[in-house]
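A look at the structure
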Amino acid sequence: MEDRTTEINRAICVMSQNLDNQDSPRIGIFWYDIRNDDLFGVVSSHASEARVSKGLANINTLHRDYWEKQYNRLKFKNNGEEVYPYIGDYKDTPRGRVFYDVNDNRYIVNVGSWINEYTQAKALIIDEFNLEGQNYLFEIAIHWEIGHSWEG
């Protein structure tokens, strides 16, 4: 019984250390739900936990892979029917990625030009990724345009 108590106490200690870290800025991926004016499919991590490549801290999760997993899981559970918001291809819904530029000490929010039409999404992204009070920049790139990807 004592071993189990020690194990539980150790787990509680580890979890309690995360309490101080809940409002830390995050990096990751997201989609924007136009219909409900909300983000979904958010996968994020603290920049300190991410891998850095070419000066950018990033998470390993790809939009394509995450969408496919959710799309197939929901379709299976619903007798082969697509389930909103996972309708169609991952590129057909506004999406973006938040990086951390370790050289410039700045968060980069990459989105498509869709952000100009749905400007309210900026506040949702800033809130979701805890960027308020941080050095951040929204950048528009063709990769995150609706219908585009790095594959073409």
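Figured I'd write up the structure that's included with this text. Bear in mind that the values here come from a model prediction, so they are computed numbers and not experimental data.

What follows deals with unusual backbone geometry. Between Tyr84 and Pro85 the backbone carries a cis peptide bond, its omega angle lying at 5°. Even without a glycine there, the phi angle at Asn105 is positive, about 50°. Of note, Asn105 is situated in the loop between strand S5 (95-101) and strand S6 (106-111). A positive phi angle, close to 55°, is found at Asn130, a residue other than glycine. For Asn130, the location among the structural elements is in the loop between helix H4 (120-128) and strand S7 (136-140).

For the structure on display, the rule yields three salt bridges. Asp65 is paired through a salt bridge with Arg64; the nearest N and O atoms lie 3.1 Å apart. The salt bridge involving Asp89 is made with Lys91; its shortest N-O contact spans 3.8 Å. Classification of Asp89 as partly exposed rests on a relative accessible area of 32%.

Okay, the packing of aromatic side chains next. Scanning the model with the defined rule gives 12 aromatic pairs in all. The interplanar angle of 50° and the centroid separation of 5.2 Å between the aromatic rings of Trp31 and Trp67 together place this pair among those described as tilted. In this pair, Trp31 is assigned in strand S1 (residues 26-33) and Trp67 in helix H2 (residues 63-77), connecting sequence segments 36 residues apart. With respect to class, Trp31 is no different from Trp67; both count as buried. Aromatic pair Tyr32 and Trp114: ring centres 5.8 Å apart, planes at 10°, arrangement stacked.

Rules used in this analysis
Residues numbered from 1 in each chain as written. Predicted model: local features only at pLDDT ≥ 70, side-chain atom pairs only at ≥ 80, totals over all residues. Heavy atoms only, no water. Helix = DSSP H or I, 4+ residues; strand = E, 2+ residues; numbered from the N terminus. Salt bridge = Lys/Arg side-chain N within 4 Å of Asp/Glu carboxyl O. Buried < 20%, exposed > 50% of the residue type's maximum accessible area, 1.4 Å probe, protein only. Phe/Tyr/Trp six-rings, centres within 6.5 Å; stacked < 30°, edge-to-face > 60°.

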